[in-house]
Amino acid sequence: MIVDVAKKVIRLKVVYYGPSMSGKTTNLETFSALKGLKLMKIDTKGDRTLVFDFSTKTVEVGDMTASFALYTVPGQEIYKDIRLTVLKGVDGVVFVADAQEHRLSENIEFFNLLKKDLPKVGKRYKEVPMVIQYNKMDMPNALPFEMLEEEINKDRLPSVCASAIKGEGVLETFNLLEGLLLSKLERIIG
């Protein structure tokens, strides 16, 4: 979080984190389209996130403007260093889990990886506002919400069911995280 008192701007960084192909980019594409925001993407030839995707959103907080920079991280193992670079300075995380049954162990592995990555960038897992999004709930092989919660969300973080490609749960996910971040912000500047 960067506070520029002179410009009355608070800059917040939100990172969409999760396994490869879980829907992080689709979330940002849908969010940007629904909000009329511009999305910058750096992809490979196969439309896979290479470095990160990026968008911004602003909201008024009293006489200040909160500016949210939204990033995705690449999920592929070969880009783990880029993941850490994008995670630096993070203020809030949306963990995007692929709700399909065959992706369960990968989701758990990546959530545990997130817990290990945060300290590497100077953040404490318990202090970073976070929302878990169970994406692809519209797929025929999606696990039930209760099972996903039991297997992935051991810490009982706020969570949302979604189908990012259909636009379902995308705004709800961000709004939930935005609320957590603004509450934290109000405690700090209030």
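To be clear, the structure that these remarks concern was listed above.
Model, not experiment: these values are computed from the prediction. (Residues numbered from 1 in each chain as written. Predicted model: local features only at pLDDT ≥ 70, side-chain atom pairs only at ≥ 80, totals over all residues. Heavy atoms only, no water.)

**A short note on the environment of Phe110**
Looking at the element boundaries, Phe110 is found in helix H3 (residues 104-120). For Phe110 and Ile152, which are 42 residues apart along the polypeptide, the C-alpha to C-alpha distance reads 9.9 Å. Every residue in contact with Phe110, bar those within four places of it in the chain, is listed here: Tyr17, Gly18, Pro19, Gly75, Arg83 and Phe95. (Helix = DSSP H or I, 4+ residues; strand = E, 2+ residues; numbered from the N terminus. Contact = heavy atoms within 4.5 Å.)

**Observations concerning the packing of aromatic side chains**
As enumerated under the stated definition, the model contains seven aromatic pairs in all. When the ring of Phe95 is compared with that of Phe111, the centres are 5.0 Å apart and the planes differ by 85 degrees; the resulting orientation is edge-to-face. Of the two residues, Phe95 is situated in strand S6 (residues 92-98) and Phe111 in helix H3; the sequence distance between them amounts to 16 residues. The same class applies to Phe95 and to Phe111, which are both buried. An angle of 75 degrees between the planes, with centres 5.9 Å apart, marks the rings of Tyr134 and Phe145 as edge-to-face. You can see Tyr134 sitting in strand S7 (residues 130-135) and its partner Phe145 sitting in helix H4 (residues 145-152), a full 11 residues away along the chain. An aromatic cluster is built from Tyr17, Phe95, Phe110, Phe111 and Tyr125, whose rings are joined through pairwise contacts. When the ring centre of Tyr71 is taken as reference, the NZ or CZ atom of Lys13 above it lies at 4.8 Å. (Phe/Tyr/Trp six-rings, centres within 6.5 Å; stacked < 30°, edge-to-face > 60°. Buried < 20%, exposed > 50% of the residue type's maximum accessible area, 1.4 Å probe, protein only. Lys NZ or Arg CZ within 6 Å of the ring centre and 35° of its normal.)

**A closer look at the environment of Arg156**
Within the secondary structure layout, Arg156 lies in the loop between H4 and strand S8 (159-161). When residues no more than four places from it in sequence are discounted, the contact partners of Arg156 are Glu149 and Glu150. A polar contact is formed between the side chain of Arg156 and the backbone oxygen of Glu149, at a distance of 3.1 Å. Among the polar contacts listed, one links the side chain of Arg156 to the backbone oxygen of Asn153, at a separation of 2.6 Å. (Polar contact = N/O pair within 3.5 Å; in protein donor to acceptor, adjacent residues only side chain to side chain.)

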